[in-house]
Amino acid sequence: MIQLKYIVLLLLFAAMPETAVSQHVILNKGVPGNNTRDLLKRIEQDVLAERPDLVILMVGTNDMVNSHKLVDYQEYRRNYQNIVEQLRGQGAEIIVLAPPPVDAEYLFERHDRSLYKVDPNTRIETAGEIVKALAAENKVHFIDLNTPFKVAGSPSREEHSLIINEQNLGKRDGIHPTREGYQMMAKIIHTYLQANGLLEDDQKIICFGDSMTYGSYMTGAGTAEGDTYPAVLKTLVLRSE
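Presented here is an overview of the structure given in this document. (Residues numbered from 1 in each chain as written. Predicted model: local features only at pLDDT ≥ 70, side-chain atom pairs only at ≥ 80, totals over all residues. Heavy atoms only, no water.)

**Notes on the sheet that holds strand 3 (residues 93-98)**
- Pairing is parallel in the open sheet, where five strands are placed in the order 1-5-2-3-4. With one partner strand each, in any of the chains shown, strand 1 (24-30) and strand 4 (141-144) form the two edges of the open sheet. Averaged over neighbouring strand pairs, the angle between their axes works out to 15° when direction is ignored.
- Here strand 2 (residues 54-58) runs beside strand 5 (residues 203-209); their pairing, made up of five bridges, is parallel. Its bridge partner lying in strand 5, M58 is registered against G209. (Pairing = 2+ DSSP bridges. Helix = DSSP H or I, 4+ residues; strand = E, 2+ residues; numbered from the N terminus. Axes fitted to C-alpha atoms, helices over the stretch in contact; angles between N-to-C directions.)

This is the structure in structure tokens:
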């Protein structure tokens, strides 16, 4: 009788419908050295073919400060608009990000100073203004990531800087965020997603951009694992389900 009772219970559990589980897929589609031209070349394969529900876009650092990839403001605006239009055409929700500031003196150790008619951070800030204006015109979401780094006193040459330097990672970089810098970025983005009701069940999110998205020098670079901002964002999203 006891065995028969257990068999009946097992049959009842087997017949019960499975509880739906929310799943979020977050993909890291960052490539070091990319500018807006490069993103346009790979948007079909890396983003549109994935049919994402939400795309988080950050590009502009190379357009503005990489001497091998510089574009003028007009082309930057044109390319960025093209990217946004292609994403909107597929129906994806879009968040655009203003890129963080850089340490210009570290930059000039690797790039010819004479190639820059204006200060690199002025170009970065102008790019952020262009992105903000495009977001308003296209009615997409905008997050300023430039100001939070400045408020945190970054970049600096101190160990606590959120931009990589010789003191915190042994590299005279001045461009890429530290682990803590990526954590801050992810928390800001996650807070925005929650505040604006942008997190949904069974959602595919693509983080599209350059080395800032890729996560240069971080564990898990190029993935949504480890210390990249897509990885930290994924952890935060899964915790909030």
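**Side note on the side chain of S216**
- Relative to the helices and strands, S216 is located in the loop between helix 10 (211-214) and helix 11 (229-239).
- With sequence-adjacent residues up to four places away left out, S216 is seen in contact with P32, I164, H176, Y182 and S211. (Contact = heavy atoms within 4.5 Å.)

**Here's the deal with helix 2 (residues 36-46)**
- Buried within helix 2 are the following residues: T36, D38, L39, R42, I43 and D46. One side of helix 2 carries all its buried residues, which in axial view fall inside an arc of 145°. Helix 2 presents K41 and Q45 as exposed residues on the side facing more than 90 degrees away from its buried surface.
- Check the buried side of helix 2 and you find it contacts strand 1, strand 2, helix 3 (61-65), helix 4 (73-89) and strand 5. (Buried < 20%, exposed > 50% of the residue type's maximum accessible area, 1.4 Å probe, protein only. Arc of directions from axis to C-beta.)

**Digging into the pairing of strand 5**
- In terms of burial, strand 5 is largely enclosed, as six of its seven residues are buried.
- Bridge count between strand 1 and strand 5: seven bridges; the pairing is parallel. Of the residues in strand 5, the one forming a bridge with H24 is Q203.

**Quick word on the packing of helix 4 against helix 6 (residues 120-138)**
- Relative orientation of the contacting elements helix 4 and helix 6 amounts to 40°, with a least axis distance of 10 Å. In the packing of helix 4 onto helix 6, the handedness of the crossing is right-handed. Across the interface between the two elements, Y73, Y76, R77, Y80, Q81, V84 and R88 of helix 4 pack against T122, R123, T126, A127, I130, V131, A133, L134, E137 and N138 of helix 6.
- A class-by-class count of the residues in the contact of helix 4 with helix 6 yields nine nonpolar, four polar and four charged. (Left-handed = near helix turned anticlockwise from the far one by under 90°. Nonpolar A, V, L, I, M, F, W, Y, C, P; charged D, E, K, R; others polar.)

**A word on unusual backbone geometry**
- Cis rather than trans, the peptide bond between S154 and P155 has omega equal to 5°.
- Considering the arrangement of structural elements, one finds P155 in the loop between helix 7 (146-151) and helix 8 (166-169).
- In this model, K139 sits at a positive phi of 55°, which is unusual for a non-glycine residue.
- When you line up the elements, K139 lands in the loop between helix 6 and strand 4.
- K139 gets classed as exposed once you look at its relative accessible area, which sits at 75%.
- The residue D202 is not glycine, and still its phi comes out positive at about 50°.
- Within the element layout of this structure, D202 appears in the loop between helix 9 (179-195) and strand 5.

**Points about the pattern of salt bridges**
- Enumeration according to the criterion identifies 13 salt bridges in this entry.
- R172 is the salt-bridge partner of E109, the closest N and O atoms lying 2.6 Å from each other. Within this pair, whereas E109 is found in the loop between helix 5 (104-108) and helix 6, its partner R172 is found in the loop between helix 8 and helix 9, the two being separated by 63 residues in sequence.
- Here E109 falls in the partly exposed class, since its relative accessible area comes to 45%.
- Where E166 meets R172, a salt bridge forms, and the shortest distance between an N and an O atom there is 2.8 Å.
- One network of salt bridges, with partners in common, ties together K29, E50 and K204. (Salt bridge = Lys/Arg side-chain N within 4 Å of Asp/Glu carboxyl O.)

**Description of the packing of aromatic side chains**
- Scanning all chains against the criterion turns up two aromatic pairs.
- Ring geometry for Y76 against Y80: centres 5.6 Å apart, planes inclined by 65°, an arrangement best described as edge-to-face. A residue pair is termed a helical-turn pair when its members lie 3 or 4 positions apart in one helix, as Y76 and Y80 do in helix 4 at four residues.
- Exposure remark for Y80: the relative accessible area of 0% places this residue in the buried category.
- Over the ring of Y106 we find R157; its NZ or CZ atom is 3.9 Å from the centre of that ring. (Phe/Tyr/Trp six-rings, centres within 6.5 Å; stacked < 30°, edge-to-face > 60°. Lys NZ or Arg CZ within 6 Å of the ring centre and 35° of its normal.)

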